[in-house]
Amino acid sequence: MSNSILVVGGGFSGLTAAIEAAELGYDVYIVEKTPFLGGRVAQLNKYFPKLCPPSCGLEIQFQRIRKNPRIKFFTQAELVSVSGNKGKYKAKVRIQPRHTVPHSVDLGLLASTLEGESPNEFEFGLTNRKALYRSMPFAFPGRYVLDPAALSTKDKIKLANAGGCLLDEEPRELELEVGSIVIATGWKPYDVTRLTNLGAGSIKNCVSNMQLERLASPFGPTKGIVKRPSDGRAPRSVAFVQCAGSRDQNHLNFCSYICCMASLKQALYLSEQDPDIRVTIFYIDLRTPGRYMNVLEKVKAAPNVRFVKGKVAEITENSATGDVVLVAEDAVRGEKLTLTYDMVVLATGMQPTLAGEHLPLPVAVDEDGFVVSGEDAGIFAAGCARMPLDVMRCAQSGTSAAMKAVQTVKGR
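Residues numbered from 1 in each chain as written. Predicted model: local features only at pLDDT ≥ 70, side-chain atom pairs only at ≥ 80, totals over all residues. Heavy atoms only, no water.

A. View of the environment of glutamate 170. As for its placement among the helices and strands, glutamate 170 is situated in the loop between helix H4 (153–160) and strand S10 (172–178). Relative accessible area serves as the criterion here: at 59%, glutamate 170 is assigned to the exposed category. (Helix = DSSP H or I, 4+ residues; strand = E, 2+ residues; numbered from the N terminus. Buried < 20%, exposed > 50% of the residue type's maximum accessible area, 1.4 Å probe, protein only.)

Listed below in structure tokens is the structure:
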């Protein structure tokens, strides 16, 4: 039996699983495909239940990882293949180069002088990033990343004469021996460009709920002031469209669980920014289980927030003003509504990262991409790889997966 555990994914559930197992005395390897740990939580402005910023929870996790020699992590890394069986797996991992020196050198000044830019994935395309970058101020690891494809010719000359960058660095592979595996691959926002009737991807002032999180973040493209992407003006009226692509056989069949709570939270963001802003939430059903009923009651009591039970059929743009025109039903009154807003937010669903992708592990996924098997082989899914969950339940799920993994490597 191997005494080590592999965690695939460095988001909140993966970090929790890794830390719990390591603090019980087991060696853990984290494999994360992006340059930094933290997953989707790092992209939020605030998260439930305490509505604290992501640095609140993540920096504690990062500290625990720094202090625990049993945890080794690999970023920009991908699981290539797995062989063997329960108790004795060999996992091959391919690591893409960061093209920067290993120690945490502050390359911020150098980065600001570069010309080359690319769409910023961390900001969901709301802005561009430099070829040399860190995704956020508290990014972990703190080491910068260089994207050679985004460099201009002048940039390449400049970097050749500057320290801190390794333009010729190549990918490398390593093999890990582990006894158990935790799948914590997380989720991705549903592709809004497929929601053509809702104007996604074509109307500038129609954004996704995760894009609004970035607009509201003090580290985001607008420094925490929600502004219209088209003209940079603070909106005076905003509509939220619930179940945008969820509970729909043409898109996501399932309820994504967190979307209602996310919109309620974001309505509070907007009200804090402008107490006179008009917010309308169009919904089919409102799902706010347990303690989150308090949040629903708080938002319902706000005089500037209106709830309309009914589906949104179409969203178009007033090309002259950039305003968004929304056609919907009011199912309670039996009315068809045509309303105009400064901005519209689509509450797009949580799609498992594994949807449409291949993970080289002996596990099965359902038609939606959620992991449904593997425990007999010592492989355990955690967090949103299993089902849509909020951050608190992702942490609980990560702990559960860690305990099962530990029992496996102990031979029980």
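B. Fine view of helix H5 (residues 209–216). With eight of its eight residues buried, H5 lies for the most part within the structure. Looking at H5, one finds that the buried residues are Asn209, Met210, Gln211, Leu212, Glu213, Arg214, Leu215 and Ala216.

C. Expanded view of the sheet that holds strand S18 (residues 324–330). Here three strands make up an open sheet; going across it, the order is S17-S18-S19 and the pairing antiparallel. The outermost strands of the open sheet, each flanked by one partner alone, are strand S17 (312–317) and strand S19 (335–341). The sheet shows a mean angle of 20° between the axes of neighbouring strands, taken without regard to direction. As judged from the seven bridges shared by S18 and S19, these two strands associate in the antiparallel manner. (Pairing = 2+ DSSP bridges. Axes fitted to C-alpha atoms, helices over the stretch in contact; angles between N-to-C directions.)

D. View of the environment of leucine 264. With respect to the secondary-structure elements, leucine 264 resides in helix H6 (residues 259–273). Contact partners of leucine 264, with chain neighbours within four places excluded, come to Ile281, Thr288, Val295, Leu296, Val299 and Phe307. (Contact = heavy atoms within 4.5 Å.)

E. Quick look at the packing of aromatic side chains. Per the stated rule, a full pass over the model turns up eight aromatic pairs. Taking 5.2 Å as the distance between ring centres and 50° as the angle between the ring planes, the aromatic pair formed by phenylalanine 73 and phenylalanine 140 counts as tilted. Of this pair, phenylalanine 73 sits in strand S3 (residues 71–74) while phenylalanine 140 sits in the loop between strand S8 (132–133) and strand S9 (145–146), and the two are 67 residues apart along the sequence. Counting every residue linked through ring pairs, the aromatic cluster contains Phe62, Phe73 and Phe140. Against the face of phenylalanine 36 rests arginine 98, its NZ or CZ located 5.2 Å from the ring centre. Its guanidinium or amino end placed over the ring of tyrosine 133, arginine 129 lies 4.1 Å from that ring's centre, counting from NZ or CZ. (Phe/Tyr/Trp six-rings, centres within 6.5 Å; stacked < 30°, edge-to-face > 60°. Lys NZ or Arg CZ within 6 Å of the ring centre and 35° of its normal.)

F. Local environment of unusual backbone geometry. Residues phenylalanine 48 and proline 49 are joined by a peptide bond in cis, for which omega reads 5°. Position of proline 49 relative to the elements: it lies in the loop between strand S2 (27–31) and helix H2 (54–67). At the junction of phenylalanine 140 and proline 141, the peptide bond is cis and its omega measures out at 5° in the coordinates. Following the sequence through the fold, proline 141 ends up in the loop between S8 and S9.

G. Highlighting the packing of helix H1 (residues 12–23) against H2. Relative to each other, H1 and H2 sit at 35°, their axes nearing to 10 Å. Pair H1 / H2 crosses with left-handed handedness. Residues Phe12, Leu15, Thr16, Ile19 and Glu23 of H1 lie in contact with H2, whose contacting residues are Gly57, Leu58, Gln61, Phe62, Arg64 and Ile65. In the contact of H1 with H2, the residues fall into six nonpolar, three polar and two charged. (Left-handed = near helix turned anticlockwise from the far one by under 90°. Nonpolar A, V, L, I, M, F, W, Y, C, P; charged D, E, K, R; others polar.)

H. Spatial organisation of the sheet that holds strand S4 (residues 77–85). The antiparallel open sheet is built from three strands, whose spatial order is S4-S5-S10. Looking at which strands have only one partner, the edges of the open sheet turn out to be S4 and S10. In this sheet, neighbouring strand axes are inclined to one another by 20° on average, regardless of whether the strands run parallel or antiparallel. Two elements, S4 and strand S5 (residues 88–95), share eight bridges in a ladder whose sense is antiparallel. From the neighbouring strand, serine 81 faces S5, where its bridge partner is lysine 92.

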